[in-house]
Amino acid sequence: MILDGKSPTGPIENTWDKHRFDMKLVNPSNKRKYKVLVVGTGLAGASAAASLGELGYNVETFCYQDSPRRAHSIAAQGGINAAKNYPNDGDSIRRLFYDTVKGGDFRAREADVWRLAQVSNNIIDQCAAQGVPFARDYGGYLDTRSFGGAQVSRTFYARGLTGQQLLLGAYSALSRQIKLGTVKLYPRTEMLDLILVDGEAKGITIRDLVTGKIRTHVGDAVVLCTGGYINVYNLSTNARGCSATAIWKACKKGAYMANPCYTQIHPTCIPQAGEYQSKLTLMSESLRNDGRIWVPKKHDETRPANEIPEEDRDYYLERKYPSYGNLAPRDISSRAAKEQCDDGRGVGPGGRGVFLDFRDSIKRLGEDVIRERYSNLFEMYERITDEDGYKVPMRIYPAPHYAMGGLWVDYNCMSNLPGLFVLGEANFSVHGANRLGASALMQGLADGYFVIPYTIGDYLAQTTPGMLKEDAAECKASMDEVEGSVEKLLSMGGKRTPAEFMRELGTIMWEYAGMARSAESLGQAIEKIPVLREEFWEDLKVAGAGSELNQQLENAGRVADFLEFGEMLCRDALNRDESCGAHFRVEHQTGEGEAERDDENFSYSAAWEYKGNGNEPELHKEPLTFENIHYAVRSYK
């Protein structure tokens, strides 16, 4: 099937404005008749729920945490992009648009990316009005810094706590609507099924994580804002609770999964310290503004870092990509770091690390300036490694970080299932094959504050409110299905814990479908994952009961979903017989080791339809066309 993304036509500068005018509206008194279910309370979810509540809709919002403030958006560190051009350094909406399309290696829709760039400035105004304490320069104006893949300074920040501060702003807006009664919050709940009526999304089935009670919630539309699936690699920069469960349950009900092979490896993470640690720790990409990345020129160097003279250091990013240097995009910087370590010049335990050195910046600017910009990041690094980054270079290594793929959506952020909207990292829409740094926060807030309030109204204006009642047959069937799944997990009686299976799956994914992939490695992964999935359903052990707080049961369900989703990711990666962005097939690289696209055969978004375990998913394609930015070799030299 050829998919239609419903991108508006005409001059791209006018597409979003014209589209908003053409959409149908719901008048204020009628908004009260509609109920919207928002799953997830990170930046996308909290901003969407607050905005829809402010408009007058009845909103119910759900999160598995005990508070929306604990959403993983809080972990974002470095900043949020916007095209305000405060430094007067050549930025513009068109340049942000261009950098994002190029950064995604020409694998995203032009219209979606233009809209993102266009509304980016509104986000900064919105958040500043909410009291988000963005950094300011000496004159009191909002300050900016640079991120990878851009030659302008467009990233607004609050030290290394930008995600936390933005989330608190969205949370305050959400809390106001909860107080007013337009939004009802259900914390400590996990969505375990999507309820359809005649093919349209009208409800969800959740499990109360404290009592174990399973119940349904019905509405007129469902908005998924549940983040990405990068924990399929087990060790990642994401919180352990981040999972693919919500979007995977929707996929099993007919929603298409788009570009699951587009997974981002972040170059600036603290290296793994042990086999049994629960996650990896991100060090913000913003550190690369002032830190220089290098490895020793000599193999098996034994001298301490500070004793290695300048002539024996290889600042390899500055050498390979002189135009961008240490601010080369994440996918390129990650592969370059792996290349140095594979060559035997890595540092730290096991040789899996490179140096991030602030010596020159401290000498030029003074330690107080560096401390003012990044103090919490240096403190975090010292607590984890017991090393002082002001005195010795930090050690970093690439780690799984973000999912560019997600549920397929059209220009209105609606999936192929009518009534199912998907926002933020949970959808696939704007980042293509590689996300530029500081664009995740931008997308989440753009979708929640400035896109969904318009587009969901167009859908609701054409539907009758209250079509599904909680005592309907569809609700009972969904509850029975979920209860059966929970009982199955609890009754296995095997010997291995969910964590053991997750570690084994994560190892397969990293080794065979990680930073570098090949037809051979992906074929091996596709063979190994079903075998592991079979072992899971034969030898799983879940302690405790389903009628109580049971985190092992929660984890077992998430692992079961990852065991199914991981195979689809590998099939997508095998099908995409090219290299683009973060999807690096070793068979397709230039003589200098850079990604080599195949625009003739793979200039499309791959949307996969689930056909059941043991069956190959069906591929649907959405062709990509570029009328405003022409295909080019993605060079940062």
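Residues numbered from 1 in each chain as written. Predicted model: local features only at pLDDT ≥ 70, side-chain atom pairs only at ≥ 80, totals over all residues. Heavy atoms only, no water.

Colleague: So, the packing of aromatic side chains: which residues are in play, and what are the values?
Modeller: Inspection of every chain in the model, using the stated rule, returns 24 aromatic pairs. On the basis of an interplanar angle of 85° and a centroid distance of 5.8 Å, the ring pair of Trp16 and Tyr454 is categorised as edge-to-face. In this pair, Trp16 sits in helix 1 (residues 15-22) while Tyr454 sits in helix 12 (residues 440-460), placing the two residues 438 residues apart along the sequence. Consider the rings of Phe358 and Phe378, whose centres lie 4.9 Å apart with planes at 65°: the pair is edge-to-face. Taken as a pair, Phe358 in the loop between strand 15 (354-357) and helix 10 (359-365) and Phe378 in helix 11 (residues 367-385) lie far apart in primary sequence, 20 residues in all. (Phe/Tyr/Trp six-rings, centres within 6.5 Å; stacked < 30°, edge-to-face > 60°. Helix = DSSP H or I, 4+ residues; strand = E, 2+ residues; numbered from the N terminus.)

Colleague: Would you mind going over the layout of surface pockets in detail, with residue names and values included?
Modeller: Using a probe with the size of a water molecule, rolled over the atoms, empty space left in the structure can be pinpointed. If you add up the space inside the second largest pocket, you get close to 800 Å³. As for the second largest pocket, its lining consists of 29 residues, and the residues nearest its centre are Leu235, Gln272, Leu280, Tyr397 and Trp510. Where the lining of the second largest pocket is concerned, the elements lending two or more residues are helix 11, strand 16 (394-403) and helix 14 (498-513). Here the residues of the lining of the second largest pocket are counted per class, giving 16 nonpolar, 7 polar and 6 charged. (1 Å grid on protein atoms, 1.4 Å probe; cavity = no way out; pocket = protein on both sides within 12 Å on 5 of 7 lines; lining within 4 Å. Points joined across faces, edges and corners; volume = space filled by probe spheres on them. Nonpolar A, V, L, I, M, F, W, Y, C, P; charged D, E, K, R; others polar.)

Colleague: Could you give me a rundown of the sheet that holds strand 1 (residues 35-39), with the residues and numbers involved?
Modeller: Strands sit in the order 6-2-1-10-18 across an open sheet of 5 strands; the sheet is parallel. Strand pairing shows two members of the sheet lacking a second neighbour, strand 6 (183-186) and strand 18 (420-422), which therefore form its edges. Strand-to-strand twist of the sheet, defined as the mean angle between neighbouring strand axes without regard to direction, takes the value 20°. Bridge count for strand 1 against strand 10 (residues 221-224) is 4 bridges, and the pairing is parallel. (Pairing = 2+ DSSP bridges. Axes fitted to C-alpha atoms, helices over the stretch in contact; angles between N-to-C directions.)

Colleague: For the pairing of strand 15, give the residues involved together with the corresponding values.
Modeller: Burial along strand 15 is two-sided: the residues Val354 and Leu356 and Phe355 and Asp357 are all buried. Where strand 13 (residues 292-296) lies against strand 15, 3 bridges are found, and the strand directions are antiparallel. Among the inter-strand pairings, Arg292 is bridged to a residue of strand 15, identified as Asp357. (Buried < 20%, exposed > 50% of the residue type's maximum accessible area, 1.4 Å probe, protein only.)

Colleague: Describe in detail the packing of helix 1 against helix 5 (residues 110-130), supporting the description with residues and values.
Modeller: At a minimum axis separation of 9 Å, helix 1 and helix 5 run at an interaxial angle of 95°. Taken together, the axes of helix 1 and helix 5 lie roughly perpendicular to each other. Contacts between helix 1 and helix 5 pair Thr15, Trp16 and Asp17 from the former with Trp114, Arg115, Gln118 and Val119 from the latter. For the contact of helix 1 with helix 5, a count of residues per class yields 3 nonpolar, 2 polar and 2 charged. (Parallel < 35°, antiparallel > 145°, perpendicular 65-115°, else oblique. Contact = heavy atoms within 4.5 Å.)

Colleague: I'd like a description of the domain arrangement of the protein, backed by residues and values.
Modeller: Often, the extent of an interface is quoted as the loss of accessible area upon association of its parts. Domain boundaries assigned for the protein yield domain 1 (265-400) and domain 2 (474-612). Of the residues lining the interface, 11 residues belong to domain 1; the matching set on domain 2 comes to 8 residues. Between domain 1 and domain 2, a total of about 890 Å² is buried, with carbon and sulfur atoms accounting for 66% of that surface. In this assembly, domain 1 and domain 2 are joined by 0 salt bridges. Counting across the domain 1 and domain 2 interface gives 2 residue pairs in polar contact (both at pLDDT 80 or more). Contributions of two or more residues to the side of domain 1 that touches domain 2 are made by helix 9 (330-342) and strand 16. The element contributing the most residues to the side of domain 1 that touches domain 2 is helix 9, with 5 residues. (Domains from an automatic or database assignment. Buried area = accessible area lost by both parts, 1.4 Å probe. Salt bridge = Lys/Arg side-chain N within 4 Å of Asp/Glu carboxyl O. Polar contact = N/O pair within 3.5 Å; in protein donor to acceptor, adjacent residues only side chain to side chain.)

Colleague: A description of helix 3 (residues 43-55) should follow, citing residues and the corresponding values.
Modeller: Over its 13 residues, helix 3 extends 18 Å from the first C-alpha to the last, a length consistent with the 18 Å expected when each residue adds 1.5 Å. With 11 of 13 residues buried, helix 3 is to be regarded as a mostly interior element. Those residues of helix 3 that fall on the buried side of the exposure criterion are Leu43, Ala44, Gly45, Ala46, Ser47, Ala48, Ala49, Ala50, Ser51, Leu52 and Gly53. On its buried side, helix 3 packs onto strand 1, strand 2 (58-62), helix 6 (162-180), strand 6 and helix 12. Trailing helix 3 by a residue or two, Gly56 shows a phi angle of about 115°, which is positive. (Expected span 1.5 Å × (residues − 1).)

Colleague: With reference to specific residues and values, describe the packing of helix 3 against helix 12.
Modeller: It is at 8 Å that the axes of helix 3 and helix 12 come closest, and there the two elements cross at 30°. For the element pair helix 3 / helix 12, the angle class is roughly parallel. In terms of crossing hand, the pair formed by helix 3 and helix 12 is right-handed. Where helix 3 abuts helix 12, its residues Leu43, Ala44, Ser47, Ala48, Ser51, Leu52 and Leu55 lie against Leu441, Gly444, Leu445, Gly448, Tyr449, Ile452, Pro453 and Ile456. Considering only residue class, the contact of helix 3 with helix 12 consists of 11 nonpolar, 4 polar and no charged. (Left-handed = near helix turned anticlockwise from the far one by under 90°.)

Colleague: Summarise empty space enclosed by the protein; cite the residues concerned and give the values.
Modeller: Under the defined criterion, the tally for this structure stands at 4 cavities of 30 Å³ or more. Of the volumes computed, that of the largest cavity is approximately 110 Å³. Lining the largest cavity we find 14 residues, and of these Glu564, Glu567, Tyr610, Asn615 and Pro617 sit closest to its centre. In terms of residue count, the dominant contributor to the lining of the largest cavity is helix 16 (residues 551-575) (4 residues). Of the residues assigned to the lining of the largest cavity, the class counts are 4 nonpolar, 4 polar and 6 charged.

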